[in-house]
Amino acid sequence: MKKILKIFKFFIKKKYYFDLPSTKRLVLINSAGYKYLNQALDEELYLIDLNKSLNLQIIIKVFFKCLIKKNLDPYVEEYLEHLKPEAVFCYAHNYMQFFRINKNKNIKYIVIQNGKNHGNSLFSVFDKKKTSKNFKCDLFFCHGEYDKKICEKLVKAKYVKIGSFLNNSIKKQKKKYKKTICYLSTYRNLKNQSYSSSHSMGKDMSFEDWYKIDRIIVNFLCEYCKEKKFKLKILGSTNPVGKLSFNEDIFYKKNIKLKNWNYLPKKTFKTNYINIDENEITCFIDSSLGYESMARKNKVAIFAVRGDFCKIQNFNFHNNYLPKKGLFWTSVFDQKKFRQILDSLIKIKKNKWEKELKKYNETIIKFDEGNKIFFNTLKKYNIKTNRNYFFF
């Protein structure tokens, strides 16, 4: 009965339209990244988003095929047959349906990684189930070598390491404020105040338990900044529309003892990148923006201890491919190590820091300003674009 209700809710919430569009050169599956890619590419993307709308002509044509397969793969495949695109993009690298659908040899299927692979990620889940023999695409633009190793176990593709597409599209800021530490929040306004076992941590966990480590670290940073006469900024992660950003600010006000910090709401997607460039040190637990800051050669203190603290497998730096402790990171909860990392980052000179980062940027996350590699690769695959680089 629950399954029937779930299916009913899925279909009742959709917008439906009957007319079939004409052929389209570029298509995007899933709305993630639509506003970014649409500005970067030379032709408007045609969006197919199963979460928002369905075409009645297509769904009627493949209805029984969908029933047999128990999914909407035939719908997507039929839709693409009608549109006859040159290339189909997906900006959500963990959207498994994209890899699963049958591929047309006349279409290039392209995935862009849009976040880090933490903990019990979908790549780990599907790999364990051994259900991915035919998972493939033509091009997979990934962050770095470690993400390639995780994804290629599951998806057959030509992997191209570009770092973060969005990060690459925003110019590095030159202005720096000395004696500032910026903590990157990953606060989420959860309706039920808990995570289920289907989430990336792989077990049920309350809001309280999940964010306990955040409370400890921000209070540690407040004490550290007070001692060193530094300014502490907490960079918000929630959407500025509505009450979400307000709730995030309240969360930190309730849980931080000292008052020597400022909360900076996420105003637009660009402001967070500007903020991380302006601070002397960026500190984070498991924020994708933190890894992007590392790619931009900013000094980063990575306290990747949520896995150790909450007993979650693979929630560390960087999925067990590196030692548990290093010059600027730790995967072990140890406040003495936190202090040691921050002390070292304050002392280290810019040229020595950038030399140290070279050991890791190719493997963890690249920085390709303007996305030159992305556009040059598209040209090699005969996907028309007039661009050599792009900045927002």
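Look a little higher up for the structure.
Residues numbered from 1 in each chain as written. Predicted model: local features only at pLDDT ≥ 70, side-chain atom pairs only at ≥ 80, totals over all residues. Heavy atoms only, no water.

### Some thoughts on helix α11 (residues 212-228)
For the α-helix, the turn length of 3.6 residues means that residues three or four positions removed from each other point alike.
Piece 1. Helix length check: α11, at 17 residues, gives a terminal C-alpha distance of 25 Å against a target of 24 Å (1.5 Å per residue), a fit within 8%.
Piece 2. Buried within α11 are the following residues: I213, D214, R215, I217, V218, N219, F220, L221, C222, Y224 and C225. (Helix = DSSP H or I, 4+ residues; strand = E, 2+ residues; numbered from the N terminus. Expected span 1.5 Å × (residues − 1). Buried < 20%, exposed > 50% of the residue type's maximum accessible area, 1.4 Å probe, protein only.)

### Brief notes about the sheet that holds strand β3 (residues 46-48)
Piece 1. Read from one edge of the open sheet, 6 strands run β3-β2-β5-β6-β7-β8, paired in parallel fashion. Here the strands that pair on one side only, and so sit at the sheet edges, are β3 and β8 (156-161). Neighbour-to-neighbour, the strand axes of this sheet turn through a mean angle of 25°, independent of strand direction.
Piece 2. Of the pairings in the sheet, the one linking strand β7 (residues 136-142) to β8 comprises 5 bridges and is parallel in character. Its bridge partner lying in β8, K136 is registered against K156.
Piece 3. With respect to the sheet, helix α8 (residues 145-152) is in contact with β7 and β8, its orientation differing from that of β8 by roughly 170°.
Piece 4. Packed onto the sheet, helix α18 (residues 372-380) meets β5 (87-90), β6 (108-112), β7 and β8 and runs at close to 155° relative to β7. (Pairing = 2+ DSSP bridges. Axes fitted to C-alpha atoms, helices over the stretch in contact; angles between N-to-C directions. Contact = heavy atoms within 4.5 Å.)

### Side note on the side chain of N371
Piece 1. Position of N371 among the secondary structure elements: in the loop between α17 (350-361) and α18.
Piece 2. Taking the relative accessible area as the measure of exposure, N371 reaches 0% and is therefore buried.
Piece 3. One polar contact links the side chain of N371 to the main-chain carbonyl oxygen of F165, over a distance of 2.9 Å.
Piece 4. Ignoring sequence-local partners within four residues, the contact set of N371 consists of I162, F165, N168, S169 and N388. (Polar contact = N/O pair within 3.5 Å; in protein donor to acceptor, adjacent residues only side chain to side chain.)

### Quick word on the sheet that holds strand β12 (residues 231-235)
Piece 1. Across the sheet, 6 strands lie side by side as β13-β12-β9-β14-β15-β16; this open sheet has parallel pairing. A single partner strand is all that each edge strand has here, and the edge strands are β13 (261-264) and β16 (329-330).
Piece 2. The pairing of strand β14 (residues 279-284) with strand β15 (residues 300-303) spans 3 bridges and is classified as parallel. Residue pairing across strands places T282 opposite V300, the latter belonging to β15.
Piece 3. On the sheet, α11 packs against β9 (177-184), β12, β13, β14 and β15 and is oriented at approximately 170° with respect to β9.
Piece 4. In the packing of helix α16 (residues 335-347) onto the sheet, the strands contacted are β9, β14, β15 and β16, and the crossing angle to β15 comes to about 170°.

### Structural notes on the packing of α11 against α16
Piece 1. Here α11 crosses α16 at 45°, and the two axes come no closer than 11 Å. Overall, the two elements α11 and α16 adopt an arrangement that is oblique. Of the two possible hands of crossing, α11 and α16 adopt the one that is right-handed. Across the interface between the two elements, I216, I217, F220, L221, Y224, E227 and K228 of α11 pack against Q335, F338, R339, L342, D343 and I346 of α16. (Parallel < 35°, antiparallel > 145°, perpendicular 65-115°, else oblique. Left-handed = near helix turned anticlockwise from the far one by under 90°.)

### Re the nonpolar core
Piece 1. Judged by nonpolar contacts, the single largest core of 85 residues is most densely connected at F89, I181, Y183, L221, F303, F328 and F374.
Piece 2. In terms of residue count, the dominant contributor to this core is α11 (8 residues).
Piece 3. In this structure I181 touches L221, Y224, C225, F230, K231, L232, K233, I281, C283 and L342, once residues within four positions along its chain are discounted. (Core = buried A, V, L, I, M, F, W, Y, C linked by side-chain atoms within 4.5 Å.)

### So, the pairing of β9
Piece 1. Pairing of β9 with β14 involves 4 bridges; the strand directions are parallel. Counted as the bridge partner of C182 is T282 from β14.
Piece 2. One ladder, built from 5 bridges, connects β9 with β12; its direction is parallel. Looking across to β12, one finds that T180 is bridged to K231.

### Here we look at a positive patch on the surface
Piece 1. A cluster of basic residues, K176, K297, K350, K352, K355 and K358, forms a positive patch on the protein surface.
Piece 2. K297 gets classed as partly exposed once you look at its relative accessible area, which sits at 43%. (Patch = residues over 30% accessible without salt bridge, like charges linked within 9 Å, V, L, I, M, F, W, Y side chains within 5 Å. Areas by Shrake-Rupley, 256 points an atom, 1.4 Å probe, with all protein chains shown as cover. Salt bridge = Lys/Arg side-chain N within 4 Å of Asp/Glu carboxyl O. Lys, Arg positive; Asp, Glu negative; His and termini not counted. Charge placed at Lys NZ, Arg CZ, Asp CG, Glu CD.)

### A short note on the packing of aromatic side chains
Piece 1. In total, this model carries 34 aromatic pairs according to the counting rule given.
Piece 2. Both rings, one in F141 and one in F374, keep their centres 4.8 Å apart while their planes meet at 55°; by these two values the pair is tilted. Linking F141 in strand β7 with F374 in helix α18, this pair joins segments that are 233 residues apart in sequence.
Piece 3. Take F141: its relative accessible area is 1%, and that puts it in the buried class. (Phe/Tyr/Trp six-rings, centres within 6.5 Å; stacked < 30°, edge-to-face > 60°.)

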